[in-house]
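Each chain, written out:
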Amino acid sequence: MEDSLKERKGFGMRGLSLFSGAGGMDVGFEAAGFRTALACEIDRSAAATFRSNFGCGMHEGDVRELLPSLEPGMADVVFGGPPCQGFSVAGKMDPSDPRSGLVMAFMEAVARVRPKAFVMENVDALAKLAKWAGTLGAIREAAARAGYGVHVEVLDASRFGVPQKRHRMFMWGAAGRTDHEVE
């Protein structure tokens, strides 16, 4: 890229990027004026790619190891896509898949950081299938306990310039709002 991600200026709001991968969501948040202050990725290769593209701190490891160090106000937004393998129709849809519990680790990060907003991305099955209604309800309850109103929507990436039909669930929350106010 001619204009390196590290060289861009003018960022006003700070983000905490969880389950960062190589930084796809970070690119989008950066385009919207956010600067990733800290990222977390467990996969060594993805973390290395992220570090080569972004000039911010990277916790390479399990997000649950990072939780105790998170402090209120360290980011204006928390964003990320917890692992989806346990929820996905392409997989076994196994409620006991330990990766499925990481959606609650994401919400614990939100509760600890207390950002102005958060965005969680996952497979559409989490939002659409009755099998996951309890999990989605638990995420909503965690958001409400932390003081966030939330909205859940399934979006098709092909409607946003991506050359594939890819339906994903997005949950966004705003501090001090009700669910109705976030819609």
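Residues numbered from 1 in each chain as written. Predicted model: local features only at pLDDT ≥ 70, side-chain atom pairs only at ≥ 80, totals over all residues. Heavy atoms only, no water.

(A) Here's a closer look at the confidence of the model for the protein chain. This prediction gives the protein chain a mean pLDDT of 91; 94% of its residues lie at or above 70. Across residues 1–10, confidence stays below pLDDT 50; counting only partners more than four residues off in sequence or on other chains, it has 12 contacts. (pLDDT = per-residue confidence, 0-100. Contact = heavy atoms within 4.5 Å.)

(B) Quick peek at the environment of A32. When you line up the elements, A32 lands in the loop between α1 (24–31) and β2 (34–41). Note on A32: relative accessible area 56%, which makes it exposed. (Helix = DSSP H or I, 4+ residues; strand = E, 2+ residues; numbered from the N terminus. Buried < 20%, exposed > 50% of the residue type's maximum accessible area, 1.4 Å probe, protein only.)

(C) Region of interest: the side chain of S17. When you line up the elements, S17 lands in strand β1 (residues 13–18). Relative accessible area serves as the criterion here: at 1%, S17 is assigned to the buried category. Of note is the side chain of S17, whose polar atom sits 2.7 Å from the side chain of S20. Here S17 is in contact with D26, T36, L38, A39, C40 and F79, once residues within four sequence places are set aside. (Polar contact = N/O pair within 3.5 Å; in protein donor to acceptor, adjacent residues only side chain to side chain.)

(D) Quick look at the pattern of salt bridges. In total, this model carries 11 salt bridges according to the counting rule given. Between K128 and D124 there is a salt bridge, with its nearest N and O atoms 3.5 Å apart. For K128, a relative accessible area of 57% puts it in the exposed group. Residue K165 pairs with D156 through a salt bridge whose shortest N-O separation is 3.3 Å. Given a relative accessible area of 9%, D156 falls into the buried group. Residues joined by salt bridges that share partners form a network here, namely R14, D76 and K116. (Salt bridge = Lys/Arg side-chain N within 4 Å of Asp/Glu carboxyl O.)

(E) Molecular detail of the packing of helix α4 (residues 102–113) against helix α6 (residues 133–146). Where α4 contacts α6, the axes come no closer than 9 Å and their chain directions differ by 10°. Viewed along their axes, α4 and α6 adopt a mutual orientation that is roughly parallel. Along its contact with α4, which presents V103, M104, M107 and A111, the element α6 presents T135, A138, I139, A142, A143 and A146. (Axes fitted to C-alpha atoms, helices over the stretch in contact; angles between N-to-C directions. Parallel < 35°, antiparallel > 145°, perpendicular 65-115°, else oblique.)

(F) Structural detail: the nonpolar core. Ranked by internal contacts, the top residues of the largest apolar core, which has 37 residues, are L18, F106, M107, F118 and M171. Looking at this core element by element, the count peaks at eight residues for α4. Leave out the neighbours within four places in its chain, and M171 touches F118, V119, M120, L136, I139, R140, V150, H151 and V152. One finds A39, A47, F50 and M58 within the second-largest nonpolar core, a separate group that totals six residues. (Core = buried A, V, L, I, M, F, W, Y, C linked by side-chain atoms within 4.5 Å.)

(G) Representation of the state of the cysteines within the structure. In the structure shown here, the tally under the stated rule is zero disulfides. With no disulfide of its own, C56 lies 11 Å from the sulfur of C40, the closest cysteine sulfur. Residue classification places C56 among the buried positions, given a relative accessible area of 16%. (Disulfide = S-S within 2.5 Å.)

(H) The arrangement of α1 in detail. Burial in α1 covers these residues: D26, F29 and E30. One face of α1 carries all of its buried residues, which in axial projection span an arc of 100°. Residues of α1 that are exposed and point more than 90 degrees away from the buried face comprise G24 and A31. Buried residues along α1 sit against β1, β2, α2 (44–53), β4 (77–80) and β5 (117–123). One or two positions beyond α1, positive phi appears at G33, with a value near 100°. (Arc of directions from axis to C-beta.)

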